[in-house]
Amino acid sequence: MVMKMKMKEALPYIGMASTQFAQVGLMIVGKNAMSTGMTNFTFVFYSNALASLILLPSFFFYRSTRPPLNFSLISGFFLLGLLGCSAQLTGYTGINYTSASFASAMLNLIPGFTFILAVIFRMEKLDCRSTSTMIKSLGTIISIAGAFTATLYKGPQILLTSSSLKPQNYLHFQETDLVIGGLYLVVDCVAASLYLIVQASILEKYPVELIVVFFYCFFSSILSAIVSLFMDRNLNAWMLQPATRLFAVLYSGIFGSAFQVSVMFWCIRRKGPLFVAMFHPLGIVVAAALGIIFLGDIFYLGSLVGSIIIVVGFYAVMWGKTKEEKVDEDKLARNINSKAPLLQIKDAETKI
C-alpha cells in the first residue's frame, strides 16, 4: 500500500522528466527537417494534424463519461490552440535564426513568466512571510540562472570522449540574427507561459485531459494550416521527402504533440502550471547528457556548474510546493475535525 502511494506521488515527476527527453529530441529532428527546406509553418501543421488523428478515438471513448461541451469550453479550447500554435511557430522561427542551444537557454525564461502569471491569477500563493514561498521564489530564480550558466558559459574542458577529439564544427550567427531570433523566443516564452495558465484553468472546468489535448491539436492544426497557406507558396515546403522530414513529422506528432502535451496536461491538473514549467531548465541537463553519451560532445565546466545550480533550484521549488501542499492538507484535516463534533451534536438533537 505504501509503495503504491509513493509510486503515485512519483508519477508526475517521472512523466515530466520523460517529456524533457522528448523535447530535446523534438528540437533536434525539427532543426534537421527545416534545414532541408521544410518551413516551421508546415512542420507545425503536420505534427498537430497527426496528433489530432492519433487522439481522435479518445473523443468517442469518453463519450458517455465526459462532461457536456458548451460554447465557453470550445472558446477556451480555441484560445489554447491559438496560444500553443503561436508558441510553436515563434519558437521554431527563433531556432531558425539562432541555434537549438541558444533557444534552450531562452526557453528557461518560461518558469519565471509562469510563476508571475500564476501569482497574478492566484494559482500560486505569494506570502512573503512564508518560508516555503520565499524558497520557491528563490528556487525559480536559481534554476533560471543555472540554465543560462550551463548554456552560455563554457569554461575549461573537464571530460573528453574519443569522438570529441575530432575537429568540431561550430555555427556562427550574425548579431542581427541573434537579436531577431531572441525576440521571437521571448514571444514564445510569454505565449507558452500563458498557454500553461489557460491549460490549468480549462482543466478545472473540464478534467478530461485527452479530450482537451485533442481539441488543442485540432485547433492548432487548423490555425497553422491557415498561416501556412499564406506563408508557404512553395509546394516543396509541403513535401515529406527526404526521409528526414517524414521522420521529424512522425516523431513530433507522436512524441511531441500527442505524448508530451498529454503528459503535461495530466501533470498540470494534479500539480499546477509552475510544477510543469520548472522542468524546462532540466532540459539543459538532459541535452548535455545525451550530447556527451551519443554525440561525443565535449563536457565543459560550465555545463557541470550550471547543471548543479539547476538541480538545487529545482529541488528548492519542489520542496516549497510540497511544504505548501502539506500545510493545506493539515488545514483541511483541522477543518474536518472541528466540524465533526458539531455534526454529532446535530445528529443527537435530531434523534431526541
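Described below are features of the structure shown in this document. Not measured: the values here are computed from a predicted model.

Moving on, we come to the side chain of S262. Examined against the element boundaries, S262 turns out to sit in helix α9 (residues 243–271). The exposure class of S262 is buried, given its relative accessible area of 13%. Ignoring anything within four residues of it in the chain, the contact list for S262 reads L55, L210, V213 and S257.

Glancing now at empty space enclosed by the protein. Summed over the entire model, instances satisfying the criterion amount to 1 cavity of 30 Å³ or more. Here the largest cavity defines a volume of roughly 540 Å³. Along the wall of the largest cavity there are 30 residues; nearest its centre are Q23, L26, A87, Q88 and Q260. Those elements that place two or more of their residues in the lining of the largest cavity are α1 (2–35), α2 (40–61), α3 (71–97), α4 (100–107), α7 (175–205) and α9. In terms of residue class, the lining of the largest cavity is made up of 18 nonpolar, 11 polar and 1 charged.

Both the distance between ring centres and the angle between the ring planes are used here to describe each pair of aromatic rings. The final tally for this structure, using the stated rule, is 16 aromatic pairs. Aromatic pair F214 and F215: ring centres 5.3 Å apart, planes at 65 degrees, arrangement edge-to-face. Ring pairs connect the aromatic residues F77, F78, Y206, F214, F215, F218 and F219, which therefore count as one cluster.

Attention now goes to the nonpolar core. Counting 50 residues, the largest nonpolar core has F77, L80, Y195, L196, V212, F265 and V276 as its most contacted members. For this core, the elements supplying multiple residues, two or more each, are α2, α3, α5 (110–120), α7, α8 (209–231), α9, α10 (273–277) and α12 (301–351). Examining the composition of this core, we find that 9 residues originate from one element, α7, more than from any other. Once residues within four sequence positions are removed from consideration, F77 is found in contact with L69, I202, Y206, V212, F215 and F219. Core analysis: the next-biggest nonpolar cluster, separate from the first, contains 22 residues, A22, L26, F43 and F45 among them.

Where charged atoms of side chains with opposite charge meet at close range, the side chains can pair. With the rule as written, the count across this model stands at 2 salt bridges. As a salt-bridge pair, E209 and R269 come within 3.2 Å of each other at their nearest N and O atoms. Of the two residues, E209 is situated in helix α8 and R269 in helix α9; the sequence distance between them amounts to 60 residues. Put simply, R270 and E209 hold a salt bridge, and the shortest N to O gap is 2.9 Å. With R270 in helix α9 and E209 in helix α8, the pair connects residues that are 61 residues apart, well separated along the chain. Owing to a relative accessible area of 40%, R270 belongs among the partly exposed residues under this scheme. Sharing partners across several salt bridges, the network here consists of E209, R269 and R270.

To continue, consider unusual backbone geometry. Omega for the peptide link from Q241 to P242 comes to 10 degrees, which places this bond in the cis form. For P242, the position within the fold is in the loop between α8 and α9.

Moving on: the packing of α2 against α9. Angle between the axes and distance between the axes are the two parameters that describe a pair of packed helices. One way to put it is that α2 packs onto α9 with a least axis distance of 8 Å and a crossing angle of 60 degrees. With respect to their mutual orientation, α2 and α9 come out oblique. Crossing handedness for the pair α2 and α9: right-handed. Counting all contacts with α2, which are made through F43, Y46, S47, N48, L50, A51, I54 and L55, the residues of α9 involved are A248, V249, L250, S252, G253, I254, S257, A258 and S262. Of the residues that constitute the contact of α2 with α9, the class distribution is 11 nonpolar, 6 polar and no charged.

What counts, and at which threshold
For every chain, the first residue of the written sequence is number 1, and numbering continues from 1 along that sequence. The predicted nature of this model means local features are confined to residues of pLDDT at least 70 and side-chain atom pairs, given and counted, to a pLDDT of 80 or more, with totals for whole chains, interfaces and linings taken over all residues. Side-chain calculation: all heavy atoms of the structure are included, whereas hydrogens and water are not. A run of DSSP states H or I qualifies as a helix once it reaches four residues; a run of E qualifies as a strand once it reaches two. Both are numbered from the N-terminal end. Exposure categories follow from relative accessible area, calculated using a 1.4 Å probe and restricted to protein chains: below 20% of the type maximum is buried, above 50% is exposed, and the middle band is partly exposed. Here a residue-residue contact requires only that any non-hydrogen atoms of the pair lie within 4.5 Å. Cavities and pockets are defined on a 1 Å grid built over the protein atoms alone: a cavity is a set of grid points where a 1.4 Å probe fits but cannot escape, while a pocket is an open set with protein on both sides within 12 Å along at least five of seven lines, and lining residues are those with an atom within 4 Å of any such point. Grid points are joined across faces, edges and corners, and a volume is the space filled by probe spheres set on the points. For this scheme, ten residues count as nonpolar: Ala, Val, Leu, Ile, Met, Phe, Trp, Tyr, Cys and Pro. Four count as charged, namely Asp, Glu, Lys and Arg, and the remainder, Gly too, count as polar. Only Phe, Tyr and Trp rings take part, Trp by its six-membered ring, and two of them pair if their centres are within 6.5 Å. Stacked means planes under 30 degrees apart, edge-to-face means over 60, and tilted covers everything else. Only buried Ala, Val, Leu, Ile, Met, Phe, Trp, Tyr and Cys residues count toward a nonpolar core, and they belong to the same one when joined by side-chain atoms within 4.5 Å. Basic side-chain nitrogens of Lys or Arg form a salt bridge, by our definition, when they fall within 4 Å of a carboxyl oxygen of Asp or Glu. In this analysis, axes come from line fits to C-alpha atoms, helices being fitted only over the stretch in contact, and the angle between any two N-to-C directions falls in the range 0 to 180 degrees. In what follows, roughly perpendicular refers to angles from 65 to 115 degrees, roughly parallel to angles under 35, roughly antiparallel to angles over 145, and oblique to any angle outside these ranges. Each crossing gets its handedness from the near helix: less than a right angle anticlockwise from the far helix is left-handed, clockwise is right-handed.

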